[in-house]
Amino acid sequence: MSFWDHLDELRQVLFHIGGALLVLTIASFCFKETIFNMIFAPLSSEFALYKGFDALLSIFGLPPIEPFDIAVINIDMAAQFFTHLRVSFYVALIVGMPYYFYELWTFVRPALYPNEIKAVKKSFGFAGILFYIGILVGYFMVLPMTVKFLGTYQVSEYVPNTISLTSYIGMFVSLILIMGIVFEMPVLAAILSRFSLINKELLKKYRRHAIVVLVILAAIITPSGDAFTMFFVAIPLYLLYEFSIIVCAPAIKEENDINQ
C-alpha cells in the first residue's frame, strides 16, 4: 500500500473510534442517575469499603467507623451541565477502551510478522485487563480512603467542609485514570524486556530501590498523603512490580546458556 492508502486506512480507524466514542458518550449521558450515584457513593459511610472495615473492626471488638455523609455543592451556574458532559465522555472513554484498541490493532496488524502478531495481541488483551483492574482498585480502595481523610478532616469545628462539584469530580477522574494507567506496569516491563532494555535479573537486583520509588509514587497518587492511604496504594504497586518480574524475559546470557 502507498503512503496515502495507509493514511486513508488510519482515517477510517479514527472515524470508527470517534463514532463509537460519540455513541457511548450519548448513551452515558442518558444514564445520568446511575452513573452519578456510583460516583458519589464513596461520599457516604454506607460505601462497601467502609462497611468492610466495620466488619473487620467488629471482629477485634473495636468500634466501627464514625458515620459520615460528605456534602458536595455547586457554585457555578453551568458547572452541573458541563460536569455531566465531561463525565459522560470519560465513561465512554473507559467503557469503549477494548473497541478502541481493537480498531488500532486492525490498523497495525498487517505490518507485523506472524510471531509479532501473537505477541502484540497478547499484550493488548493483557493491558486491557490490567487497566480495568486498576480502575476497580482506584474506585473501591484508593478513592474512598482519600475521600474519607480529606473530606472529613477539619482544622477547626468552626470551619465545615464544603466540597465543590468540580473539585470532587476532578479528583475522582484523575485518581481512577491514574490507577488504570499505573496498572499497566507489567505490560510496559514485558515490552521493554522484549527489546532487551530490562530483564528479570535487573528487576530483582534493584527491588529495594524500586520499593522506595513505589512508595514515592504512592504518595504522589494519593492527595491525602496520610500513611494509611499510602499503604493501601503501595501494596498493589509492589505486587505489580513482583508480577512485572514474572512476565519479564530473563537475561540474554542465560537464554544462550540454556540453548547450549
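In the block above lies the structure referred to throughout.
To start, this report covers the structure provided alongside it. Values in this document were obtained by computation on a predicted structure and should not be read as measured data.

Of the regular secondary structure elements, the protein holds 12 helices and 2 strands. The linear arrangement of helices and strands in the protein, starting from the amino end, is α-α-α-β-α-α-α-β-α-α-α-α-α-α. For the protein, the spread of C-alpha atoms along the three principal axes comes to 70 × 45 × 30 Å. The proportion of buried residues among the 260 residues of the protein is 35%. Contacts spanning at least 24 positions in sequence make up 80% of the contacts within the protein whose residues lie at least 6 apart. Working note: accessible area of the protein is about 16100 Å², and carbon and sulfur atoms make up 71% of it. Distance from the positive charge centre (16 side chains) to the negative charge centre (19 side chains) of the protein: 9 Å.

Following the criterion strictly, the structure yields 3 salt bridges and no others. Of the charged contacts in the structure, one is a salt bridge between Lys51 and Glu46, with a shortest N-O distance of 3.4 Å. Under the relative-accessibility criterion, Lys51 is labelled partly exposed at 40%. Judged by relative accessible area, Glu46 falls into the exposed class, the value being 54%. Between Glu242 and Arg207 there is a salt bridge, with its nearest N and O atoms 2.7 Å apart. A residue pair is termed long-range when its members are at least 10 positions apart, and Glu242 in helix α11 (residues 227-247) and Arg207 in helix α10 (residues 207-221) qualify at 35 residues. Accessibility expressed as a relative area gives 25% for Arg207, which makes it partly exposed.

Next up on the list: the packing of aromatic side chains. Going through the model one piece at a time under the given rule, you end up with 16 aromatic pairs. Ring centres of Phe36 and Phe40 lie 5.8 Å apart, and the angle between their planes is 35°; on these two criteria the pair is classed as tilted. Note that Phe36 and Phe40 are positioned in helix α2 (residues 32-40) at a spacing of 4 residues, about one turn of the helix. With relative accessibility at 12%, the residue Phe36 sits in the buried group.

Next up on the list: a nonpolar patch on the surface. A cluster of nonpolar side chains, Phe149, Leu150, Tyr153, Val155, Tyr158 and Val159, forms an exposed patch at the surface whose accessible area comes to about 660 Å². Position of Tyr153 among the secondary structure elements: in the loop between α6 (114-152) and β2 (163-164).

Let's shift gears to helix α3 (residues 48-59). For α3, with 12 residues, the first-to-last C-alpha span of 17 Å sits near the 16 Å given by 1.5 Å per residue. Taken together, the buried positions of α3 are occupied by Leu49, Tyr50, Phe53 and Asp54. Angular distribution of buried residues about the axis of α3 spans 145°; they occupy a single face of the element. When the buried face of α3 is taken as reference, the exposed residues oriented beyond 90 degrees from it are Ala48 and Ile59. Positive backbone phi, at 70°, marks Gly61, one or two positions downstream of α3.

The next thing to look at is helix α4 (residues 79-95). Between its first and last C-alpha atoms α4 spans 24 Å; for 17 residues at 1.5 Å apiece the expected length is 24 Å, and the two agree. Along α4, the positions that sit buried rather than exposed are Ala79, Thr83, His84, Val87, Ser88, Ala92 and Ile94.

The biggest cluster of nonpolar side chains holds 57 residues, and the ones touching the most others in it are Ile39, Leu143, Val147, Tyr168, Ile169, Phe172 and Leu237. Residues contacting Ile39, with those up to four places away along its chain left out, are Val87, Tyr168, Ile169 and Phe172.

Criteria and thresholds
- The numbering scheme is per chain: residues are counted from 1 as the chain's sequence reads.
- The model is predicted, so local features are restricted to residues of pLDDT at least 70 and side-chain atom pairs to those at 80 or more, both for listing and for counting; the totals for chains, interfaces and linings are taken over all residues.
- Values shown for side chains rest on all heavy atoms present in the structure; no hydrogens or waters enter the calculation.
- By the criteria applied, helices consist of DSSP H or I runs no shorter than four residues and strands consist of E runs no shorter than two, each listed in order from the N terminus.
- Burial classes follow relative accessibility: with a 1.4 Å probe on protein chains only, a residue under 20% of its type's maximum area counts as buried, one over 50% as exposed, and anything between as partly exposed.
- In this description, contact between two residues means that some pair of their heavy atoms is separated by no more than 4.5 Å.
- Areas reported as accessible are Shrake-Rupley estimates using a 1.4 Å probe. Residue values count occlusion only from the protein chains shown.
- In summary, the charge assignment counts Lys and Arg as positive and Asp and Glu as negative, without counting His or the chain termini.
- To locate a charge, the coordinates of NZ of Lys, CZ of Arg, CG of Asp or CD of Glu are taken.
- We define a salt bridge as a contact between a side-chain nitrogen of Lys or Arg and a carboxyl oxygen of Asp or Glu at a distance within 4 Å.
- Only the six-membered ring of Trp is used, alongside the rings of Phe and Tyr, when aromatic pairs are assigned; centres must lie within 6.5 Å, and planes under 30 degrees apart are stacked while those over 60 apart are edge-to-face, with the rest tilted.
- Only residues whose relative accessible area exceeds 30% and that form no salt bridge are eligible for patches; like-charged ones are grouped when within 9 Å, while nonpolar side chains (Val, Leu, Ile, Met, Phe, Trp, Tyr) are grouped when within 5 Å.
- Helices are assigned an expected span. That span is 1.5 Å times one less than the residue count.
- Arc definition: directions from the helix axis to the C-beta atoms.
- Residues belong to one nonpolar core when they are buried, are Ala, Val, Leu, Ile, Met, Phe, Trp, Tyr or Cys, and are joined through side-chain atoms within 4.5 Å.

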